[in-house]
Each structure stands twice: as structure tokens, then as C-alpha cells.
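Listed below, chain by chain, are the residues.
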Amino acid sequence: MLKPIIVAVVRSCTRYPWWIIAVACVLTLGSGVYAARHFAINTNIENLISSDLPWRQRELALERAFPQRTDLILAVVQAPTPELAQAASRALTERLRTQEALFRRVRQPGGSDFFRQNALLFASIDDVRETTDGLTQVQPFIEQLAGDPSLRGLSQALSAGLMGVQYGQLTLDGMARVMSAGTGAIEDLLAERPARFSWRELLSGEDAKPSDLRQFIEIQPVLDFSVIEPGKGATDAIREAAADLDLGGRYQANVRLTGPVPIADEEFASVKEGALVNAIATIAIVLVILWLALRSPKIILAVFLNLIAGLMITAALGLMIVGALNLISVAFAVLFVGLGVDFAIQFSVRYRSERHEEEQLDAALTRTARSVGVPLTLAAAAVAAGFLSFLPTEYRGVAELGEIAGLGMLIAFGTTITLLPALLTVLDPPGEPRPLGYAALAPIDRFLERRRIPIIVGTGLVVIAGLPLLLLLRFDFNPINLRNPNTESVATFLDLRGDPNLGANAVNLVTPAVTGAREAAERLAQLPEVEGVRTLASFVPGEQQPKLALIAHTDAALDRALRARPALAPADAETVAALRQTADRLRGAADAAGKGQGADAARRLAADLSQLADSPPRLREQARAVFIDPLQT
């Protein structure tokens, strides 16, 4: 029953070609106008998955409970010292908070007023005791610097330490680390190299850990899901703010962006960057295939016009059905071009073969319909069914792609048996004087036919020999490995995912009350797969009373010094005099000690201070920034 219907359709289209072309033009132009006016793409990747799935509902519940955790950009500020990283991140945070049109929320996870006020309480009682005892011991040094935060005050504080050596309260070897730290920074300055100095490292007696040299800024941007890169405006603003603040020059800091928004944007950007090249390459490949198959400009033109009409109609109907395309369903256009044109090629190649035997064009088209009508119908139905089988999935991105692409295959088949015969009738390509095919490839056909049994057996043996390799097949379940590891966002994430404070591999559990969270945490902490558990109760420090007693004792010792009003900044001549005086005392202390680590460090620092005193004022101002700015931080 199917063959007579298709033959009758093709015969009618060849009898009334201009009517068919006119209807096709109206449909194509109308579809094009509708698609242009209603075209929309939703780049929100969360909409790609159905919200009815149980795990997705739990995820949405978590997002409702903690909306500040969604759609994040994580700015990673890294600098050579903890103080520089902290100062740079604070400057960037304050700048971004002023741009409310671009950012809904900007915060430093460890830099809030709460943590700045209560940080010592979160340390162990032994660490608090060690910190407060150390601060109490260097109280005179702190008092000197608090009263005169300048190179002069720093020189005088160092001189006070040397007086302690002179009276036996300190040893020169005990001051070696302090002097060596200052020497390294001054020598870098004198050599016009970037210089760094960390008071935190000096007081702790240890080099900073990698985690100490970076600060995080959590940013919730205002996203525009109508464009291919929803967060591009926000990420561009962050980089522009970092450049305007000169974080690299002032703090030797660099800013890297990662998080869900930058990772998705960079992935979408790579797709957009290659879109034009891919489109041109696709059209070129299709034209080459059409030429190799059809060898007639008129037939190629007919197939190409047929393809454009089907694509426009599919786009319009697809937008009517789904409203807005998503990042997966937008690929229907590529699938339509790649698969839809195949129906037209098969019809046209058969037409050329029939035209070689039949001089009359309409008769050749009728014979073509009789020969390939049923196979084309079955092929179109099979491909459409394959795409439509995506519909039951909860992965909405794939389901919508299957819906549009499946409909597109039926449209491609419909235009192939209606519009294409009409176009061929009007264009009237010349007959085919020679049989179709490539004579040069005939020996390959004959060889394969004569040796068909050995070829089939050999292929089977190769397949059997390869079966054991399936035991080595592994499936990578990590979706981050689907992305380009060379992009900034992914490379930064891979660099940070081992940091437990970042929580890149964390599992979140919501309970109705704090007590339930505590009970769940106790159970989870026993599992060998769990490295650590954190609840709301984790932010209530333990042993507060003894810690507060230690802090209060240190506060009493340092209160007057820290609250004193700093002296006026000294003139450059006063700074030079203080540097030279301290250099002389360092030489005297070294001569008195004779040999040893402390004596060597004192002589080296004395030489550097003398050279700094003889240098242009510009270098002394740079030295002030290197030593005093981190002190203020």
C-alpha cells in the first residue's frame, strides 16, 4: 500500500511543480520569520535535568535552604605572602561589592568580621597559649612598631633587640632568622626584583603553607541565560576590577576564576569560538559529498534548496514545541544537515540512475519513487524512532533534542518526496549519458566478492582476538574529565580540589534540626571513606573560657601599645639616619660575637641597610611598603 501512495505523491509534484514550490516558499519564509522572532536559547544547565527526580529534588531543597551556594564564581587570589593575599582579596572584595548590578553577593569565606573577631578561639588551647605567650614576649617590639610604623621605627625596634643581646636578654644567634628575613627582602629591592616580607611567617617561625598564600572570594553573579555565556559580564567585571586595582603590581597577586559559572562559560565559549568554522566546514563537506554523488550543479542546487526549506520548517516547529532551545537541543541543526541531506542524496542518485535509462524526466522521477520510496520511508521512520526514543528520559536536554530531531527527520523525508521532485522538474537537469559509479573502484568490488569468505572469517578472528581487551575497559564517571583541563577555570579547580577547606568533593546533608545534624555527623565520622564532618555546631569554638583568659591577659599587656596613636611619618633624612645607626650597631654586635650564624646574619644585614641608606628615596619608599604595609595587615 505504501509504494503507490509515494509514487502518486511524486507524480503529482512533477505535474504541478510551481504550486509545490510556491507552497514550500511560503512555509520556508514563514518558518524563517517565526524562528527569527521567537528564537531563544536557555543556557541554564540546571534546566537540562527534570526536577522530578528524587536526587534533583534533594538538590533543589539544598539550594532553597542555602541559596548563597548556587551559581557561584570562586575567585582565587594568590600572592607570595599571607598578608599580600589577604590585602589583595580584601581590596577586590570591597570593589566588587560596589557593583550591585552585576553581583548579588560577594563574600570572603574566611575573611568575615565574625572570623576576624573570633579566629583565635578556633585554635587549640595549646596554639592559643603559644601565640599569646609569643606576643607577650615581643611586647616591647610591638609597642615600638605600633608607635612608629615606619622604617625608622623598624630600625629602632631592631636596635632595641640588639640592646637585649648586649645585656644578655637575647642571643645574636636567636635573632638570626629575623635578620635573614629582612636581608632577603632588602637585597631583592636593591636588585630591583619583586620583594616580599611576611610578619606572620616571622612570628610563627615557619614558612607559609600553600593554603596560607591564597584567599577565596565567593561571588554570586547576575546571570543572563539568554546568551551563550551567562556569566561573562560578571567574570569580565572581576578581571577588570583586578586590573584597575593593580593587584599584580601592588600585591604581587594573581586572580584565577573557577566554580560552576566560569567552568560552564569557558565550555560554552569554546563551542561558540568554533561555531563559524564548524558551520563553514560542514557546508563545505556537504557540498563535496553532493558533488561526488550527483555531479550536476542543478541537482545539487535542488538538494541544497530542499535542505534549507526542511531546516527552516524544523526550526520553527521545534521552537513552537519547546519554546526555547537548550545547549543540547540546539544541535538539532547539525543533525538535520548531516542526516536529512542523506534522504535527498539517495533519492537523487537513484534519479540519476533511472534517468540514464529513461530520457523523460517525469518518468525517471516516477520510477525513482517506485524504487526508493519504501526504503526511504523505512529509513526515515527508523531514524525518527531512534531520536524519539529519547523522549522518556528525565534528561530534558536530550529529550528535547530527540523530539526536534525526530520531527526533523520526518520533515526531511516529506520534502524529499515533494519539494525535491518539483525542483528537479523545474530545473530540468540534463540526462545521464553514462552509467553511474566509479569504474576505477570496480576491481575492489570484484576482489571483495571473490574473497568474501576469507574476509568474513578474518574479520571474525580479529573481533574474537580483541574480546579479551574488553576486560581492560574502564568507565570514567568524573564529569570534570569531559572538560578542557587547559582552561583557567578547570585547571584552577584541579589545583584546588585536594584542599579539604574548599569542599570540592563534599557531600551535603540537610537535617531538620541541629541535633539531627550532630547525630548524623557522629555516625558519618566513623566511616573510613569520610575525612571530616562539619556542621553548624563546628562554628561554636570549644574551651572558650581558658582561651578567653589567655587572650585577656595578652590584651592587658598589648592594649596600650596597640591603641596608641602612631607618630607622624618621619622625613627621609630621619629614616636614613636610623638605618645607618642600626647598621653600626649590627656591626658592633657581630664584632662582639665574632663568629656564628647570628654574627654572619648581622654583618650581611648591616651592609644591606647601609646600601639602602645610600640609595635614592624611591627605594626606601618601596622598602617601607614591603615591611610596613604587611605589618598593618
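What you see is a predicted model; the values in this text were computed from it and never measured. (Residues numbered from 1 in each chain as written. Predicted model: local features only at pLDDT ≥ 70, side-chain atom pairs only at ≥ 80, totals over all residues. Heavy atoms only, no water.)

A. How the structure looks around a nonpolar patch on the surface. Together, V288, W291, L292, Y438, L441, I444, F447, L448 and I455 line one region of the surface with nonpolar side chains, adding up to about 830 Å² of accessible area. Sorting the residues of the nonpolar patch by element identifies α14 (275-294) and α20 (442-450) as the ones contributing at least two each. Looking at the secondary structure, you find L441 in the loop between α19 (419-427) and α20. Given a relative accessible area of 45%, L441 falls into the partly exposed group. (Patch = residues over 30% accessible without salt bridge, like charges linked within 9 Å, V, L, I, M, F, W, Y side chains within 5 Å. Areas by Shrake-Rupley, 256 points an atom, 1.4 Å probe, with all protein chains shown as cover. Salt bridge = Lys/Arg side-chain N within 4 Å of Asp/Glu carboxyl O. Helix = DSSP H or I, 4+ residues; strand = E, 2+ residues; numbered from the N terminus. Buried < 20%, exposed > 50% of the residue type's maximum accessible area, 1.4 Å probe, protein only.)

B. Quick peek at the confidence of the model for the protein chain. Scored by pLDDT, the protein chain has a mean of 87; 99% of the residues are at 70 or more. Mean pLDDT across the elements of the protein chain ranges from a minimum in strand β1 (residues 41-42), with 78, to a maximum in helix α21 (residues 452-466), with 94. (pLDDT = per-residue confidence, 0-100.)

C. Molecular detail of the environment of L410. Mapped onto the elements, L410 comes out in helix α18 (residues 396-417). In sequence terms L410 and D476 are 66 residues apart; their C-alpha atoms lie 36 Å from each other. Setting aside chain neighbours within four positions, we find L410 in contact with A380 and A384. (Contact = heavy atoms within 4.5 Å.)

D. Here's a closer look at the pairing of strand β4 (residues 214-221). Burial of β4 is extensive: 8 of the 8 residues sit out of reach of the surface. Relative to β4, strand β2 (residues 73-78) runs antiparallel, the two sharing 6 bridges. The residue bridging V77 from the neighbouring strand is Q215, located in β4. The sheet contact formed by strand β3 (residues 103-107) and β4 spans 4 bridges and is antiparallel. Note that in β4 the partner of R105 across the bridge is Q220. (Pairing = 2+ DSSP bridges.)

E. Up close: helix α8 (residues 151-166). With 16 residues, α8 extends 22 Å from end C-alpha to end C-alpha; this agrees with the ideal 22 Å at 1.5 Å per step. Counted residue by residue, α8 has 12 buried out of 16 residues, so it is predominantly covered. Here α8 has its buried residues at L151, R152, G153, L154, S155, A157, L158, S159, G161, L162, G164 and V165. Packed against the buried residues of α8 are α7 (139-147), α10 (199-204), α25 (572-593), α26 (597-614) and α27 (617-632). G168 sits one or two residues past α8 and shows a positive phi near 85°. (Expected span 1.5 Å × (residues − 1).)

F. Focus on the side chain of T314. Examined against the element boundaries, T314 turns out to sit in helix α15 (residues 297-322). Its relative accessible area of 1% is what places T314 among the buried residues. At 2.8 Å, the side chain of T314 and the backbone oxygen of G310 are in polar contact. (Polar contact = N/O pair within 3.5 Å; in protein donor to acceptor, adjacent residues only side chain to side chain.)

G. Up close: the nonpolar core. Counting 50 residues, the largest nonpolar core has L290, V303 and L424 as its most contacted members. Taken together, the elements giving at least two residues each to this core come down to α1 (2-15), α2 (17-38), α14, α15, α16 (332-357), α17 (361-388), α18 and α19. No other element matches the 10 residues that α15 contributes to this core. Not counting the four nearest positions on each side in its chain, V303 is found in contact with L290, L294, V341, A344, S348 and L420. Of all hydrophobic cores here, the second largest spans 38 residues; its members include A185, W199, A590 and A606. (Core = buried A, V, L, I, M, F, W, Y, C linked by side-chain atoms within 4.5 Å.)

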